[in-house]
Amino acid sequence: MPANELVLYQEEFQRLENSLRQLRQDASARAVFVFDKSGQQIAAAGETDQFDTTSLASLTAGNVAATDGLAKLIGEREFSTLHHEGQRDHMHISIVGKRAILLVIFDERSSLGLVRLRVKRSSVEMEKIFEEMQEKGTRAADGQAPASPFAEITDEDIDALFSE
Amino acid sequence: MTFINYASREINCKIVYYGPGLGGKTTNLQYIYSKTAPEAKGKMISLATETDRTLFFDFLPLDLGSIRGFTTRFHLYTVPGQVFYDASRKLILKGVDGVAFVADSQEERMDANIESIRNLDENLREQGFDLQTIPYVLQFNKRDLPSALPVDVMYRALNFKREPTFEAVASEGIGVFDTLKAVAKQILVELRRQ
Ligand SMILES: Nc1nc2c(ncn2[C@@H]2O[C@H](COP(=O)(O)OP(=O)(O)O)[C@@H](O)[C@H]2O)c(=O)[nH]1
Ligand SMILES: [Mg+2]
């Protein structure tokens, strides 16, 4: 089985959010998001309440997956960034580390050049945070970090979920 | 991929509905969507062709309540069933936690069912998963049709590890939630085991 679990603790979450907030400010963006490649939102900053973030996460991941497939078809390892240009709003999508997707939504208050530059800078920092998350997850599996709250769920807990 | 978020106290899992084209995968999701309270569901997204055939995927986010103070959220996806969409199917299996296989009970779709399970096995393997061990349930859909094969015949042909199996008429909602619950349960039990 691949590493099929991602555990995000308060500390790393805070650091991710801080670096997203910084990026959003530096890039004069409307909103910035980090998603997992499987389509789940990890963190966000900016005008996030203007968007259906769950749908954004799923469709962005689908977009990245399809683009990855296209790259392989022509013998490229990946297209590391994607850019969608609209009338008013634009998207910049890039890969951070191995499994995260960074989405920046921006308008005329910013520019593609600026977004690119700032994304490059904060990606380095975010990659580091993800590496540490991964390490912490591995330590948890070895029993050196707090165990998952699900280690002790009962059949009753599970059944209760479905008793609507 | 199971995503446990201690900061927002959420747990997110991904379930994929797999099976041959026109078997009723999208119909399963539509029924779940129609029967779920507005506050427990997000928008259902369908990337479909003009004729309503699934082109890339359907997506439905669902909150099932909470366990030990963690909001439990399932992301439901369907794949396009037609053979030539194999590249898309592989993409949707990325980070999957559990699979519900929707088989078409009509006799003339039996070969398509078998081919689709074989295809699932292969595509899971490519993503580093194993059909033998991944949370998995089987649904015999379209039980209302006159050409539906007897259940025991289908069971012998399609069930390969005594996975939970449900009869369904997805267009009327029969068996739809049983199927979802069974796969969700297996995922949570798996989470406990890890
Ligand atoms: N008679 C009958 N038709 C069904 C049932 N479930 C789905 N259908 C119909 O079968 C067709 C294909 O269903 P769809 O959900 O689009 O299949 P998908 O390709 O697997 O997503 C639609 O016209 C559905 O209304 C069922 O249980 N009985
Ligand atoms: Mg469909």
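Residues numbered from 1 in each chain as written. Chains lettered and ligands numbered in written order. Predicted model: local features only at pLDDT ≥ 70, side-chain atom pairs only at ≥ 80, totals over all residues. Heavy atoms only, no water.

Engineer: Quick question: what am I supposed to make of the overall build of chain B here?
Structural biologist: A count of helices and strands for chain B gives 5 helices and 8 strands. Each helix and strand of chain B, ordered N terminal to C terminal, gives the series β-β-α-β-β-β-α-β-α-β-α-β-α. A globule of 194 residues ought to have a C-alpha radius of gyration of about 16 Å, and chain B, at 16 Å, matches this closely. For chain B, the spread of C-alpha atoms along the three principal axes comes to 50 × 35 × 30 Å. (Helix = DSSP H or I, 4+ residues; strand = E, 2+ residues; numbered from the N terminus. Rg over C-alpha atoms; globule rule 2.2 N^0.38 Å.)

Engineer: What is the right way to look at the sheet that holds strand β4 (residues 81-85) of chain A in this model?
Structural biologist: Two strands in a sheet stick together by hydrogen bonds in their backbones, pointing the same way (parallel) or opposite ways (antiparallel). Residue and element names in this part refer to chain A. Taken in spatial order, the 5 strands of this open sheet run β3-β2-β6-β5-β4, and their pairing is antiparallel. The open sheet has two free edges, formed respectively by β3 (41-46) and β4, since each of these has just one partner strand. The mean angle between the axes of side-by-side strands here comes to 15°, regardless of whether they run parallel or antiparallel. This element, helix α1 (residues 10-26), spans β2 (31-36), β3 and β6 (100-106) of the sheet and lies at about 40° to β3. Sitting on the sheet, helix α2 (residues 53-73) touches β2, β3, β4, β5 (90-96) and β6, and the angle it makes with β2 is about 65°. (Pairing = 2+ DSSP bridges. Axes fitted to C-alpha atoms, helices over the stretch in contact; angles between N-to-C directions. Contact = heavy atoms within 4.5 Å.)

Engineer: Just to check I follow, could you spell out the coordination of the magnesium ion (ligand 2) for this structure?
Structural biologist: Six octahedral donors around a metal ideally sit at 90 or 180 degrees from one another, while four tetrahedral donors ideally sit at 109.5 degrees. Residue and element names in this part refer to chain B. Coordination of the magnesium ion (ligand 2) by the protein is provided by T26 (OG1) and T54 (OG1), with metal-donor distances spanning 2.0 to 2.1 Å. Placement of T26 in helix α1 (residues 25-35) and of T54 in strand β4 (residues 54-67) is noted, with a sequence separation of 28 residues between them. A relative accessible area of 9% means that T54 is categorised as buried. (Donors = N, O, S within 2.8 Å, 3.2 Å for Na, K, Ca; no water. Buried < 20%, exposed > 50% of the residue type's maximum accessible area, 1.4 Å probe, protein only.)

Engineer: Before we go on, may I ask you to explain the packing of aromatic side chains in this structure?
Structural biologist: Here the distance between the centres and the angle between the planes together describe a pair of aromatic rings. Applying the stated rule across the entire model yields 9 aromatic pairs over all chains. Aromatic side chains Y9(A) and Y6(B) sit 4.7 Å apart centroid to centroid with 20° between the ring planes, which places their arrangement in the stacked category. With Y9(A) in the loop between β1 (5-8) and α1 and Y6(B) in the loop between β1 (2-5) and β2 (10-18), this pair bridges two chains. Residue Y9(A) is classed as buried on the basis of its relative accessible area of 9%. Ring centres 5.3 Å apart and planes at 65° place the aromatic pair F57(B) and Y77(B) in the edge-to-face group. Of this pair, F57(B) sits in strand β4 while Y77(B) is found in strand β5 (residues 70-78), placing the two residues 20 residues apart along the sequence. (Phe/Tyr/Trp six-rings, centres within 6.5 Å; stacked < 30°, edge-to-face > 60°.)

Engineer: For this particular structure, what's the right way to read unusual backbone geometry?
Structural biologist: Negative phi values dominate among residues other than glycine, just as trans dominates among peptide bonds. We note that S28(A) has phi near 50°; this positive angle belongs to a residue other than glycine. Within the fold, S28(A) resides in the loop between α1 and β2. Of note in this structure, R162(B) is not a glycine but carries a positive phi near 55°. Relative to the helices and strands, R162(B) resides in the loop between α4 (151-158) and β8 (165-167).

Engineer: Honestly, the site of ligand 1 in this entry has me stumped. Any pointers?
Structural biologist: All names here are of chain B. Around ligand 1, the surrounding shell holds 15 residues, and the nearest of these are L22, K25, T26, T27 and D144. Between K25 and ligand 1, the recorded distance is 2.7 Å, taken from a side-chain N or O atom to an oxygen atom. Within the side chain of S171, a nitrogen or oxygen atom sits 3.3 Å from a nitrogen atom of ligand 1. Ranked by the residues each element gives to the shell around ligand 1, the list is headed by α1, at 3 residues. Taken together, the residues of the shell around ligand 1 break down into 5 nonpolar, 7 polar and 3 charged. (Near = heavy atom within 4 Å. Polar contact = N/O pair within 3.5 Å; in protein donor to acceptor, adjacent residues only side chain to side chain. Nonpolar A, V, L, I, M, F, W, Y, C, P; charged D, E, K, R; others polar.)

Engineer: Explanation requested: the nonpolar core in the structure shown.
Structural biologist: Nonpolar side chains tend to gather and get buried jointly when the protein is soluble and globular. Ranked by internal contacts, the top residues of the largest apolar core, which has 35 residues, are F150(A), I15(B), Y17(B), I32(B), F74(B), L76(B) and L188(B). The set of elements that each furnish at least two residues to this core consists of α4 (155-161) of chain A together with β2, α1, β4, β5, β6 (98-104) and α5 (176-193) of chain B. Tallying contributions element by element places α5(B) first for this core, with 8 residues. With sequence-adjacent residues up to four places away left out, Y17(B) is seen in contact with K25(B), N28(B), L29(B), I32(B), L76(B), Y77(B), T78(B), V79(B), A100(B), V102(B) and L180(B). The next biggest cluster of nonpolar side chains, apart from the first, holds 29 residues, and it includes V79(B), I92(B), L93(B) and L131(B). (Core = buried A, V, L, I, M, F, W, Y, C linked by side-chain atoms within 4.5 Å.)

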